[in-house]
Amino acid sequence: MSAATPAGVSVSPAPTPAAVGGDPSACTDRPTGTLPGALRLRDVVINPPLLNASGAFDLLATDPDWRADPAAAAPLGAYVTKTVTAEARSGNPRPWVELLAPETLVNSVGLANPGFAEVGEQWRELPDTLGGIPVILSLGGCPEELAAMAGEVSAHVGWVAGLELNLSCPNVHGGNVLAAADPARAAASVAAVRAVTDLPMLVKLTAACGDIGAVATAAESAGADGLVAVNTMPVRALDDDGWPVLGSPDGGMSGAMLHPIALRAVAACVAAVAIPVIGVGGVSSSASARRMFATGARAIGVGTAAALAPSTLRDLAHIWDSP
Ligand SMILES: Cc1cc2nc3c(=O)[nH]c(=O)nc-3n(C[C@H](O)[C@H](O)[C@H](O)COP(=O)(O)O)c2cc1C
């Protein structure tokens, strides 16, 4: 800090936990504490509790080591697909992804995907390709679409071990995309899916809402088995001349600048619910992973850091090696 401090700006000594606002005992553990082991969601075991973050990067395309030997290259406990919608989507105008700040991305992909009917066939080999780890299918849409897709998966798509409802994409307008901003809308989606399937169900939340704890509670009451906190944060990304850096003025921020926002959201969810919370947002290192766990996350998901450096995942997997 001192080297980068502009002249005339005084820097206070680092505060002790007691001097920081809030209750320091609200941290469930110190960052050096014991890491949680396998996470069980119904009959699915996620071991280690390390996942990729939906859609942030195509692991198979970006890391050749993964294609050769996924388990050795990065022993994920489960793999989450990018979000699939009932109909194919070509996405928003390009460019889709830019660096916003160091280790921080802004994206406006807009849920580009081949559509639900296609992926059942196209992604059938994923569990084998990924060395047998559980594959979690991320779904987006209104409650009726979510229920229709979930029912179809439950009845006919054997390679899917669990579902993740993306109720929190900031880059699509209309529909049910920010249902996680509102407890009643979130509950309606979760209940619609729970009515048609016994598959493990994760619900992905956003920090861009008034009270994420209330949304978490609503999702839990409606039948969610776990929560994922958080999706990208809605931002406007303009260059020095005021032009959008992406094909759309607004996008979702991920990576380092999202990390403290995600920690706060995870803490609020953990305080509100008994179901496990998967911490996603700026996890990039042993330190940030341990911060997520110390905040009460039962598993971590990694997106941007792995997109920028695929070796991040295999490095993170080693944190379970040492006490
Ligand atoms: C390029 C890009 C595409 C994404 N696509 C999806 C998606 O399809 N579904 C979803 O739930 N989240 C999506 N996300 C959000 C990530 O899953 C994750 O919540 C977010 O990036 C925060 O994690 P991170 O800071 O580790 O990247 C996307 C993120 C990025 C950067």
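Everything quoted here is computed from the prediction, not taken from an experiment.

The rules we used
- Residues numbered from 1 in each chain as written.
- Predicted model: local features only at pLDDT ≥ 70, side-chain atom pairs only at ≥ 80, totals over all residues.
- Helix = DSSP H or I, 4+ residues; strand = E, 2+ residues; numbered from the N terminus.
- Near = placed C-beta within 6 Å.
- Nonpolar A, V, L, I, M, F, W, Y, C, P; charged D, E, K, R; others polar.
- Pairing = 2+ DSSP bridges.
- Contact = placed C-beta atoms within 7 Å.
- Axes fitted to C-alpha atoms, helices over the stretch in contact; angles between N-to-C directions.
- Parallel < 35°, antiparallel > 145°, perpendicular 65-115°, else oblique.
- Left-handed = near helix turned anticlockwise from the far one by under 90°.
- Core = buried A, V, L, I, M, F, W, Y, C linked by C-beta atoms within 7 Å.
- Buried ≥ 20, exposed ≤ 12 C-beta atoms within 10 Å, placed from the backbone.

Asks: I'm lost on unusual backbone geometry in this one. Help?
Replies: Leave glycine aside and you will find that most residues have negative phi; peptide bonds, for their part, are mostly trans. Omega for the peptide link from Arg94 to Pro95 comes to 5°, which places this bond in the cis form. Secondary-structure assignment places Pro95 in the loop between β4 (79-80) and β5 (97-101). Across the junction of Ala229 and Val230, the peptide omega takes the value 20°, indicating a cis bond. The phi dihedral of Glu103 is positive, around 60°, even though this residue is not glycine.

Asks: I keep staring at the site of the ligand and nothing clicks. Help me out?
Replies: Near the ligand, the surroundings consist of 28 residues, among which Ala53, Gly55, Ser254, Gly303 and Thr304 are the closest. Going through the elements one at a time, β6 (104-107), β12 (250-255) and α11 (304-308) are the ones with two or more residues in the shell around the ligand. Of the residues in the shell around the ligand, the class split is twelve nonpolar, 14 polar and two charged.

Asks: Would you mind showing me how to read the sheet that holds strand β10 (residues 226-229) here?
Replies: Overall, parallel pairing links the eight strands, which are arranged β3-β14-β13-β10-β9-β8-β7-β4 in an open sheet. If you trace the sheet from one side to the other, it starts and ends with β3 (50-52) and β4, each paired once. Where β3 lies against strand β14 (residues 299-302), three bridges are found, and the strand directions are parallel. Note that in β14 the partner of Leu51 across the bridge is Gly301. In the packing of helix α8 (residues 212-221) onto the sheet, contacts are made with β9 (201-205) and β10, and the angle to β9 comes to roughly 160°.

Asks: Quick question: what am I supposed to make of the packing of α8 against helix α9 (residues 259-272) here?
Replies: Packed helices, taken two at a time, are described by their axes: the angle between them and the distance between them. Interhelical geometry of α8 versus α9 gives an angle of 45° and a closest axis separation of 8 Å. Comparing their axes, α9 and α8 come out oblique. The interaxial crossing formed by α8 with α9 has right-handed handedness. For the pair α8 and α9, the contacting residues are Ile212, Gly213, Ala216 and Thr217 in the first and Ala265, Ala268, Cys269, Ala271 and Ala272 in the second.

Asks: Honestly, the nonpolar core in this entry has me stumped. Any pointers?
Replies: What tends to happen in soluble globular proteins is that the nonpolar side chains get buried as a cluster. Ranked by internal contacts, the top residues of the largest apolar core, which has 95 residues, are Val203, Leu227, Ala229 and Cys269. When residues in this core are grouped by element, the largest group, nine residues, is from α9. In contact with Ala229, not counting residues within four places along its chain, are Leu205, Ile212, Ala262, Ala265, Val266, Cys269, Val277, Gly279 and Val280.

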